[in-house]
Amino acid sequence: MPQADDTRADDTRADDVRVDETRVDEARVAVPRRTAFDWTDAEARRRADAGLVRTLRPRTADSDLLDLAGNDYLGLTRRPEVTGAAAEAARRWGAGSTGSRLVTGTTRLHTDLERELAAFCGFEAALVFSSGYAANLAVLTALGGRDSLIVSDAANHASLVDGCRLARAETAVVPHADPEAVRKTLEAHPGRRALVVSDSVFSVDGDRAPLAELAAACRAHGAGLVVDDAHGFGVLGDGGRGAVHGAGLAGDEDVVATLTLSKSLGSQGGAVLGPARVIEHLVNAARTFIFDTGLAPAAVGGALASLRLIAAEPGLAGRARTVATTLYERLTAAGLTGARPDAAVVSVRAPSPEAALRWAADCRERGLAVGCFRPPSVPDGVSRLRLTARADLTDAQIDRAVETILRTAPAA
């Protein structure tokens, strides 16, 4: 009997254990399973609540939208000379460059483009990158460093901001377009290796930087000047040679310029222009050059064809500026508020972020594509429509654009 009781006791304990395990399994099922990126759902809700969700909107090749949102300032991206050159480059050299520039990614096209870009813009040498973003990162990280100072305009493009961060230099952000603030900052760091960095034309309002004054402040303190001429090249300067050339600074030993091949040249990629010793240093020290695949031959061939068209048709730059001024004058004469353009970017203010979004959407519904800038993309907190003038716009297309913008304008 005692043996039988012991057996029953053992059985009871075993049953109890099985019941507990079942309860544990049920509890485990009831707990939501967490994964590594669950936190992105909360971020998505936050963006949605703030009205800041970005979406991709694929366009068709045959869209009938009138485009005042892109950056094809000179209307070259579809010119037969450019598309034909891009296609021929792909047929001859292949769809990709096959490797980094220092391995197999440099073709004769790359070196031709670099030589002709430097000559056209008035610099000693040039270096082509896979994007304008990569070019800006290269300059600031390779010419900056932990022991250096970078003085950066508060309205600089995000690629310059990121370049300052990655350079690991001490960065002083100064008020927008304020050479005196730059001078005082440099004075406060005597003997320090320093760079001053600025857009030539700022992408939000389209205003031009005071380059001559910035250069004078740099030279008084032995600092280098780095200018992102993405929105000036092709539109400003003699025949579109850029804002740096227009300011009389091209080729100076203490000035470096960056630009994109994706705006006035209607292609893809970026470039750095400057003294030969600076370009040589970038080849050996810039990580976004050394460790990046070279720009595809088609993009290089298209950019080279565009550059030759700009040289052959110097009136393109003036036409782009005329279109921008016409848009500004007609819209402001009708009661809208905007910044007078110095190049091809026209900024028109909206009363609120929501109004700017609705305004841009209404324009699109009526066949006009415009840019929409709102916080936090704009540091001053002012929402805008951003219009980009094109040299190939006809007077009838300008009329259509102005009429559409005025008809859809929100109440102030």
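Residues numbered from 1 in each chain as written. Predicted model: local features only at pLDDT ≥ 70, side-chain atom pairs only at ≥ 80, totals over all residues. Heavy atoms only, no water.

Rules: UniProt positions are given in the numbering used here, feature names are shortened, and annotations may be inferred rather than shown by experiment.
As annotated in an unreviewed UniProt entry, the protein carries the name 8-amino-7-oxononanoate synthase and comes from Streptomyces cinereoruber. Taken from UniProt, the Cofactor (unreviewed entry) comment for the protein reads in full: "pyridoxal 5'-phosphate". For the record of the protein, the UniProt heading Sequence similarities (unreviewed entry) holds the text "Belongs to the class-II pyridoxal-phosphate-dependent aminotransferase family. BioF subfamily."

## Brief notes about the sheet that holds strand S1 (residues 66–68)
The condition is simple: A pair of strands is considered paired only if DSSP assigns at least 2 bridges between the two. In this text, helices come from DSSP runs of H or I with a minimum length of four residues, and strands from runs of E with a minimum of two, each type numbered from the N-terminal end. By the convention used here, residues are in contact when the closest approach between their heavy atoms is within 4.5 Å. Note on geometry: axes are C-alpha line fits, over the in-contact stretch for helices, and angles between N-to-C directions span 0 to 180 degrees.
Read from one edge of the open sheet, five strands run S1-S11-S12-S10-S9, paired in mixed fashion. Bordering the open sheet on either side are S1 and strand S9 (338–339), each of which pairs with just one other strand. The strands that helix H13 (residues 315–333) touches are S1, S9, strand S10 (345–349) and strand S12 (384–388); relative to S10, the one it contacts most, it runs at about 15°. Across the face of the sheet, helix H14 (residues 353–365) comes into contact with S10, strand S11 (368–373) and S12 while running at roughly 165° to S11.

## Some words on the state of the cysteines
Short version of the rule: Pairs of cysteine sulfur atoms within 2.5 Å are identified as disulfides in what follows.
By the definition in use, this model includes zero disulfides. There is no disulfide at Cys 121, and the cysteine sulfur nearest it, in Cys 218, is 20 Å away.

## A closer look at the pairing of strand S2 (residues 125–129)
Residues in a regular strand point their side chains to alternate faces of the sheet. So the rule is basically this: Think of it in three bands: residues with accessible area under 20% of the maximum for their type are buried, residues over 50% are exposed, and the middle band is partly exposed, with areas taken using a 1.4 Å probe on protein chains only.
Within S2, five of the five residues are buried, which leaves the element mostly enclosed by the surrounding structure. Neither face of S2 is open: one carries Ala 125, Leu 127 and Phe 129, the other Ala 126 and Val 128, and all of them are buried.

## Concerning unusual backbone geometry
Even without a glycine there, the phi angle at Thr 98 is positive, about 80°. Turning to its location among the elements, Thr 98 is positioned in the loop between helix H3 (80–93) and helix H4 (108–121). Since its relative accessible area comes to 65%, Thr 98 is described here as exposed. Its identity as a non-glycine residue notwithstanding, Arg 168 has a phi of 60°, on the positive side.

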